[in-house]
Amino acid sequence: MATHNATIERKETGATLKLAIGKEELNIVLTDDNPNEVKSIFNKLLIHLKDDEIDFNLVDDKEDLYFHICKEYITQLNAELKSTYIELEDNGLLNDLF
């Protein structure tokens, strides 16, 4: 299993949860209501999930509202990724190394 970092970028205009996976950075704007963008990011995570089980660790030193929202979001995301990985494995849809 590969663990990747998630960070929060705070600006005056809003905040973004940044998921770093390899050289790719996936951004979820926390102050926008855009379910299609979240769906797009999850689809990108599925591509990475086919290669290896992944989860995220929130790295942040400021315990504000964004921190607590992101902490819960990461917990739910990790549970969903684990469940999806098991389904992919059970259905033989993972990339075989051999």
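All figures in this text were calculated on a predicted structure; none of them were measured in a lab. (Residues numbered from 1 in each chain as written. Predicted model: local features only at pLDDT ≥ 70, side-chain atom pairs only at ≥ 80, totals over all residues. Heavy atoms only, no water.)

Our next topic: the confidence of the model for the protein. With 96% of its residues at a pLDDT of at least 70, the protein reaches an overall mean of 93. Per-element confidence in the protein ranges from a low mean pLDDT of 94 for helix α1 (residues 35-49) to a high of 97 for strand β4 (residues 54-58). (pLDDT = per-residue confidence, 0-100. Helix = DSSP H or I, 4+ residues; strand = E, 2+ residues; numbered from the N terminus.)

A few words on the sheet that holds β4. Spatially, 4 strands are ordered β3-β2-β1-β4 in an open sheet, and the strand pairing comes out mixed. The sheet terminates laterally at β3 (24-29) and β4, the two strands that pair on one side only. Put simply, the sheet's adjacent strands are angled 30° from each other on average, direction ignored. On top of the sheet, α1 reaches β2 (14-21), β3 and β4; it is set at about 155° to β3, its chief contact. Of the strands in this sheet, β1 (2-11), β2, β3 and β4 touch helix α2 (residues 65-90), which is tilted by about 170° from β4. (Pairing = 2+ DSSP bridges. Axes fitted to C-alpha atoms, helices over the stretch in contact; angles between N-to-C directions. Contact = heavy atoms within 4.5 Å.)

Within β2, 7 of the 8 residues are buried, leaving the element largely enclosed by the surrounding structure. Looking at chain direction, β1 and β2 are connected through 6 bridges and run antiparallel. Within the sheet, the bridge partner assigned to Arg10 lies in β2 and is Ala15. Turn length for the β1-β2 hairpin, with the two strands adjacent in sequence and antiparallel, is 2 residues. (Buried < 20%, exposed > 50% of the residue type's maximum accessible area, 1.4 Å probe, protein only.)

The next thing to look at is the pattern of salt bridges. Pairing of side chains with opposite charge becomes possible as their charged atoms draw close. In the structure shown here, the tally under the stated rule is 6 salt bridges. One salt bridge in this structure joins Arg10 and Asp60, with 2.8 Å as the shortest N-O distance. A residue pair is termed long-range when its members are at least 10 positions apart, and Arg10 in strand β1 and Asp60 in the loop between β4 and α2 qualify at 50 residues. For Lys18, the salt bridge goes to Glu25, with nearest N and O atoms at 3.2 Å. Look at the salt bridges and you will find they share partners, linking Glu9, Lys11, Lys18 and Glu25 into a network. (Salt bridge = Lys/Arg side-chain N within 4 Å of Asp/Glu carboxyl O.)

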